[in-house]
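Reading the structure
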Amino acid sequence: MKHGQLYRVAIEFILLCACVTLTISVMSFDFADPPTEYVWPHNAEVQNLIGPFGAFCAYYSLYYIGPGVILAGISIAIALIIHIAGKPVTHPILRLTGLVLTVMAVSVTWYLIWPFETIGLYRTGSFPMGNGGVIGVAGAYY
């Protein structure tokens with residue numbers, strides 16, 4: 001393996017680890033973990049599986065993107081695994097556009113079906129604007 005290829009594989013593996021970490025942190029989201037502004041007092045000990053960094057990433061991912069971020073993390077991880085295995089990902093711009101639309105659709109659908117219920121990712125609380133994230137709420141109103 002050449003030097004340039006080794007760096008490419010290393011960077012892709014680091015990105016894969018970041019995607020898996022983000023997905024695990026979002027799936028173990030607890031609404032009472034800091035940095036939330038909507039619950040007081042915060043948990044004495046962070047309940048997120050990744051720790052304080054995971055709680056931070058999960059809070060802002062779910063606040064802005066919504067539950068579709070899980071689909072994005074899994075999809076990007078699969079694409080990275082395929083690319084690390086040596087197979088090219090065909091039509092990357094088209095696939096990225098489809099992923100963005102699908103993530104938006106998941107967040108909008110979640111908001112339309114369960115806007116303020118405490119289920120799934122939001123089992124410990126919900127955002128005052130609703131559970132679809134900023135993108136999901138804006139898409140639903142649009």
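A short tour of the structure in this document, coming up. What you see is a predicted model, and the numbers here were worked out from it, not measured in a lab. (Residues numbered from 1 in each chain as written. Predicted model: local features only at pLDDT ≥ 70, side-chain atom pairs only at ≥ 80, totals over all residues. Heavy atoms only, no water.)

So, on to helix 4 (residues 92–113). For helix 4, which comprises 22 residues, the first-to-last C-alpha distance of 31 Å matches the rise-based estimate of 32 Å (1.5 Å per residue) to within 8%. If you follow the buried residues of helix 4, they end up packed against helix 3 (68–84) and helix 5 (133–141). (Helix = DSSP H or I, 4+ residues; strand = E, 2+ residues; numbered from the N terminus. Expected span 1.5 Å × (residues − 1). Contact = heavy atoms within 4.5 Å.)

A cluster of nonpolar side chains, namely Val20, Ile24, Leu49, Ile50 and Phe53, defines an oily patch on the protein surface of about 460 Å² accessible area. Here leucine 49 falls in the exposed class, since its relative accessible area comes to 67%. (Patch = residues over 30% accessible without salt bridge, like charges linked within 9 Å, V, L, I, M, F, W, Y side chains within 5 Å. Areas by Shrake-Rupley, 256 points an atom, 1.4 Å probe, with all protein chains shown as cover. Salt bridge = Lys/Arg side-chain N within 4 Å of Asp/Glu carboxyl O. Buried < 20%, exposed > 50% of the residue type's maximum accessible area, 1.4 Å probe, protein only.)

Inspection of the entire model under this criterion finds 17 aromatic pairs. When the centroid spacing of 6.3 Å and the interplanar angle of 15° are considered together, the rings of tyrosine 60 and tyrosine 64 count as stacked. Placement of both tyrosine 60 and tyrosine 64 in helix 2 (residues 52–64) is noted, with a separation of four residues, approximately one turn of the helix. Under the relative-accessibility criterion, tyrosine 60 is labelled partly exposed at 31%. (Phe/Tyr/Trp six-rings, centres within 6.5 Å; stacked < 30°, edge-to-face > 60°.)

We now examine the side chain of aspartate 30. On the secondary structure map, aspartate 30 appears in the loop between helix 1 (3–27) and helix 2. Buried aspartate 30, no salt bridge; nearest opposite-charge side chain is arginine 123, N-O distance 6.5 Å. At 3.2 Å, the side chain of aspartate 30 and the side chain of asparagine 43 are in polar contact. With residues near it in sequence (within four places) discarded, aspartate 30 still touches Asn43, Gln47 and Thr124. (Lys, Arg positive; Asp, Glu negative; His and termini not counted. Polar contact = N/O pair within 3.5 Å; in protein donor to acceptor, adjacent residues only side chain to side chain.)

Take the side chain of asparagine 48 next. Within the fold, asparagine 48 resides in the loop between helix 1 and helix 2. The exposure class assigned to asparagine 48 is buried, which follows from its relative accessible area of 5%. With residues near it in sequence (within four places) discarded, asparagine 48 still touches Ser25, Ser28, Phe29, Asp33, Gly54, Ala55 and Ala58.

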